[in-house]
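Structural overview for review
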Amino acid sequence: MDAATTTLRKQLSTTALADVYRFFRYALPDFALNRLLRTMRRGQARKAMLYPVRLLMSKIRGRPRRVMVDLVSVCNLRCPMCSVPPDIAIGATQKKHLDLAEFKRIADELEGHVTDLSLVYSGEPLLHPSFKEIVEYAKTRFYLSTISNGTVIKGGRLEALVDGIDYLQFSFDGLSKESYEKYRVGANYDSVLANVNAVIEAKQRAGIGLPVITITFLVNSYNEDEVEDARRYWLGRRGVNYFFDKPINLNVHRRSDDKKEHDLVHWLPQKSKMTLYKRDEAAGTVEVEKKRAPCSIMQTPVIRGDGEILMCCHDLNNSVKIGNIEKDNLVALWGSEKYAAIRQRGANRQYPICKVCGK
């Protein structure tokens with residue numbers, strides 16, 4: 001994809017035309033094919049039949065459709081620009097992983113109120129010692145999604161992914177060993193590629209069409225020449241549904257070291273227009289492009305490992321206090337004037353965290 005096409009796509013992404021395109025390209029097929037037909041073929045007819053009703057009720061009552069649950073606050077990789085650096089996450093939560101009993105309590109409380117649980121936030125979810133049990137407990141009651149770096153597909157996790165996860169995203173940022181391992185520090189390209197392909201093949205053998213598999217590709221200066229080849233490779237694999245290239249975020253506001261933009265600018269693509277930043281060549285600086293459209297990510301609450309409810313996935317350090325799931329009922333809290341006001345301010349990007357998140 002050339003620079004002009006990328007720029008045009010970026011300009012059109014916030015228009016009404018883009019909303020119509022996304023509905024017919026993604027939302028409608030997902031509803032009919034994945035959430036109804038394939039879910040019933042998986043033997044989860046009750047979940048499929050209740051979904052339209054619960055979705056409608058969530059809209060009528062103004063409740064969130066999806067909640068993110070932070071299963072694990074650590075990671076086995078050290079990606080330089082990680083959006084939720086593991087060393088910061090563990091410092092914030094003081095818990096390496098959510099207890100299985102606590103997860104069950106959260107799932108019980110949310111059942112009937114939300115349709116989707118996202119089993120990921122600040123770490124690699126497949127590191128959870130009870131990942132398989134978590135999926136087994138929730139898979140017939142919620143649509144489950146998760147994101148993985150693909151390094152730990154073992155010990156029943158492959159079965160859990162194929163039999164219980166509805167939406168699975170693999171982060172695979174490079175089509176060569178050199179570019180991939182440059183960013184995914186601590187991962188082995190050949191091993192992870194084999195793991196991801198093993199999941200794809202297991203999905204094909206199951207013959208149901210789930211999980212929906214997406215490959216995301218974080219575009220940086222070391223892999224930007226590989227994007228289109230990577231797109232062709234992954235979309236050429238039966239069983240891979242989507243490939244998305246994403247702009248890299250330097251995440252300076254969440255770093256625990258002393259690195260600033262000028263230390264990290266070498267990661268930004270030199271050719272691709274896939275970027276969150278604008279450059280001032282004369283001054284030699286970069287800054288996050290200001291967003292004008294209302295922000296919607298705080299419509300998806302995050303339950304951190306210690307029970308804290310975060311305004312959004314970018315407020316890792318809980319700068320906007322909402323409550324704690326151990327003493328507050330999330331469903332009741334969501335309808336409170338306090339939480340409604342927080343969501344309104346967040347939508348208008350009025351918090352300090354909103355100025356630097358890049359979304």
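Here's the deal with the pairing of strand β3 (residues 143–148)
Of all 6 residues in β3, 5 are buried, a share of seventy percent or more. The pairing of strand β2 (residues 116–118) with β3 spans 3 bridges and is classified as parallel. What sits directly across from Leu117, in β3, is Leu144. Read as a crossover between parallel neighbours, the route from β2 over helix α6 (residues 131–138) to β3 is right-handed. Examined bridge by bridge, β3 and strand β4 (residues 167–171) share 4 bridges and lie parallel to one another. Within β4, the position partnered with Ile147 by the bridge is Gln169.

Points about the environment of Gly155
Within the fold, Gly155 resides in the loop between β3 and α7 (157–164). Considering only alpha carbons, one finds Gly155 and Pro129, 26 residues apart in sequence, at a separation of 9.5 Å.

As for the sheet that holds β2
Strands sit in the order β6-β5-β4-β3-β2-β1-β9-β10-β11 across an open sheet of 9 strands; the sheet is mixed. Sheet topology places β6 (242–247) and β11 (323–324) at the edges, where each strand pairs with a single neighbour. Summarising the sheet, strand β1 (residues 66–69) and strand β9 (residues 302–303) pair through 2 bridges and their orientation is parallel. Paired with Met68 across the bridge in β9 is Val302.

Observations concerning the packing of aromatic side chains
The geometry of an aromatic ring pair comes down to the distance between the two centres and the angle between the two planes. With the rule as written, the count across this model stands at 14 aromatic pairs. Consider the rings of Phe31 and Tyr51, whose centres lie 5.8 Å apart with planes at 45 degrees: the pair is tilted. Of the two residues, Phe31 is situated in helix α2 (residues 16–41) and Tyr51 in helix α3 (residues 45–61); the sequence distance between them amounts to 20 residues. Residue classification places Tyr51 among the buried positions, given a relative accessible area of 6%. Taken together, the aromatic side chains of Phe172, Tyr180, Tyr189, Tyr233 and Trp234 make up a single cluster linked through ring pairs. Positioned above the aromatic ring of Tyr143 is the side chain of Lys47, whose terminal nitrogen or guanidinium carbon lies 4.5 Å from the ring centre.

Analysis parameters
- Residues numbered from 1 in each chain as written.
- Predicted model: local features only at pLDDT ≥ 70, side-chain atom pairs only at ≥ 80, totals over all residues.
- Heavy atoms only, no water.
- Buried < 20%, exposed > 50% of the residue type's maximum accessible area, 1.4 Å probe, protein only.
- Helix = DSSP H or I, 4+ residues; strand = E, 2+ residues; numbered from the N terminus.
- Pairing = 2+ DSSP bridges.
- Right-handed = clockwise from strand over helix to strand, strands pointing away.
- Phe/Tyr/Trp six-rings, centres within 6.5 Å; stacked < 30°, edge-to-face > 60°.
- Lys NZ or Arg CZ within 6 Å of the ring centre and 35° of its normal.

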